[in-house]
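Summary of the model geometry
Below are the chains, spelled out letter by letter.
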Amino acid sequence: MALVSAKDMLEKAKAGHYAVGQFNINNLEWTKSVLTTAQELNSPVILGVSEGAGKYMTGYKTVAAMTEAMIEELGITVPVALHLDHGGYEGCKKCIEAGFSSIMFDGSHLPFDENVAKTTELVALTKKKGLSIEAEVGSIGGEEDGVVGAGEIADPQECKKISDLGVTMLAAGIGNIHGVYPENWKGLDFGALDKIQALTGDRPLVLHGGTGIPDDMIKKAIGLGVSKINVNTECQLSFAAATREYIEAGKDKQGKGFDPRKLLAPGAEAIKNTVKEKMELFGSVGKA
Ligand code: 13P
């Protein structure tokens, strides 16, 4: 199956009260681990690519070509969207050209009028091509691949204005943070989420910073209209821990344990386990 827009999978998720995971990818192993897990669990999936990860993988064209080819070669039949994460205006245009099926325009750091103007333009462009588009209001705290946010809670009226532009899905800052949550984190602002959901109706809402949010908060957020949850750091942590364990056990020095296909295997398996746990928690298993 070719790459698809995230529209159908997210509208189904919103109506069915579950969420689809966006798992950020960094390289071939990551992509393969996420795709094969989605297929095994018969779950729709969104592959997130930050601008930094796109650059690391040598460019958006490489990422789109690799993903398309991998879907074909692995016989992946579940719906897969390839999505730019926290894109700037130019990055969005490049990804559309490169063959991504979904983009996020993050205009949250711009004056609101400018966020509206640029989002409007990109909504028109994506509509013409049948792609999905995510916009952001308020900001996600912490740092995501060089994108730093102060973590302002989104203004529900601004959320409504951006939602009414016809975006596919809307990310709203509700106290969520990229990366590991600090000890003194106050938790998600469910009051704000409730107001945003009341004003944006059927529009699928996006929860960034999925790493480390307690399960009960994830479930409550889904109950209040969140239908896409982004996870990045947690896969990186599980990959790193499994790789560390392999090396610290001296396995790279036994036989041909240094072969990258062996060296990277425990990390790739760890990513699969994290993705599986999240898909079970989000409720997307069996929903392809
Ligand atoms: P985490 O790195 O906290 O999982 O956040 C991922 C994210 O929101 C990507 O946009």
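The coordinates are above.
Description of the structure in this document. Just so it is clear, the model here is predicted, and its values are computed rather than measured.

For the rest of this paragraph, the subject is the overall build of the protein. Each helix and strand counted, the protein has 12 helices and 10 strands in total. Here the C-alpha atoms of the protein give a radius of gyration of 18 Å, agreeing with the 19 Å that 2.2 N^0.38 yields for 288 residues. Seen through its principal axes, the protein has C-alpha atoms that stretch 60 × 45 × 35 Å. In the protein, of all internal contacts separated by at least 6 residues, the share reaching a separation of at least 24 is 71%.

Turning next to the pairing of strand β2 (residues 45-50). The two faces of the sheet receive side chains in turn, since in a regular strand these alternate between them. Counted residue by residue, β2 has six buried out of six residues, so it is predominantly covered. What you see with β2 is no split at all: V45, L47 and V49 on one side and I46, G48 and S50 on the other are buried throughout. As a crossover connection, the stretch from strand β1 (residues 20-24) through helix α2 (residues 28-40) into β2 is right-handed. As defined by bridge partners, β2 adjoins strand β3 (residues 80-87) across six bridges and the pair is classed as parallel. Looking at the pairing, I46 lines up with A81 of β3.

Below, the discussion takes up unusual backbone geometry. A positive phi angle is found at H17, which is not glycine, with a value near 60°. Residue placement: H17 occurs in the loop between α1 (7-16) and β1. With relative accessibility at 61%, the residue H17 sits in the exposed group.

Around the ligand lies a shell of 15 residues, among which D85, G209, T211, N232 and T233 are the nearest. Interatomic distance of 3.5 Å between a side-chain N/O atom of H86 and an oxygen atom of the ligand. At 2.8 Å, a backbone N or O of N232 approaches an oxygen atom of the ligand. In the complex, 100% of the free accessible area of the ligand, which totals 310 Å², lies under the protein chains. Most atoms of the ligand, that is more than half of them, are within 2 Å of grid points of the largest cavity. Elements with a contribution of two residues or more to the shell around the ligand: β3 and β10 (226-231). Of the residues that constitute the shell around the ligand, the class distribution is two nonpolar, 11 polar and two charged.

Below, the discussion takes up the sheet that holds β2. Strand order in the closed barrel formed by eight strands is β1-β2-β3-β4-β5-β8-β9-β10, and the pairing between neighbours is parallel. Between one strand axis and the next, the sheet turns by 25° as a mean value, whatever way the strands run. By the bridge criterion, four bridges tie β1 to β10 in an arrangement that is parallel. By the bridge assignment for β10, V20 is matched with K228. On top of the sheet, α1 reaches β1, β2, β3, β5 (132-137), β8 (169-172), β9 (205-207) and β10; it is set at about 120° to β10, its chief contact. Along the sheet, helix α12 (residues 265-282) makes contact with β1, β2 and β10, crossing β1 at roughly 155°.

What counts and what doesn't
- Residues numbered from 1 in each chain as written.
- Predicted model: local features only at pLDDT ≥ 70, side-chain atom pairs only at ≥ 80, totals over all residues.
- Heavy atoms only, no water.
- Helix = DSSP H or I, 4+ residues; strand = E, 2+ residues; numbered from the N terminus.
- Rg over C-alpha atoms; globule rule 2.2 N^0.38 Å.
- Contact = heavy atoms within 4.5 Å.
- Buried < 20%, exposed > 50% of the residue type's maximum accessible area, 1.4 Å probe, protein only.
- Right-handed = clockwise from strand over helix to strand, strands pointing away.
- Pairing = 2+ DSSP bridges.
- Near = heavy atom within 4 Å.
- Polar contact = N/O pair within 3.5 Å; in protein donor to acceptor, adjacent residues only side chain to side chain.
- Areas by Shrake-Rupley, 256 points an atom, 1.4 Å probe, with all protein chains shown as cover.
- 1 Å grid on protein atoms, 1.4 Å probe; cavity = no way out; pocket = protein on both sides within 12 Å on 5 of 7 lines; lining within 4 Å.
- Sits in = over half its atoms within 2 Å of the grid points.
- Nonpolar A, V, L, I, M, F, W, Y, C, P; charged D, E, K, R; others polar.
- Axes fitted to C-alpha atoms, helices over the stretch in contact; angles between N-to-C directions.

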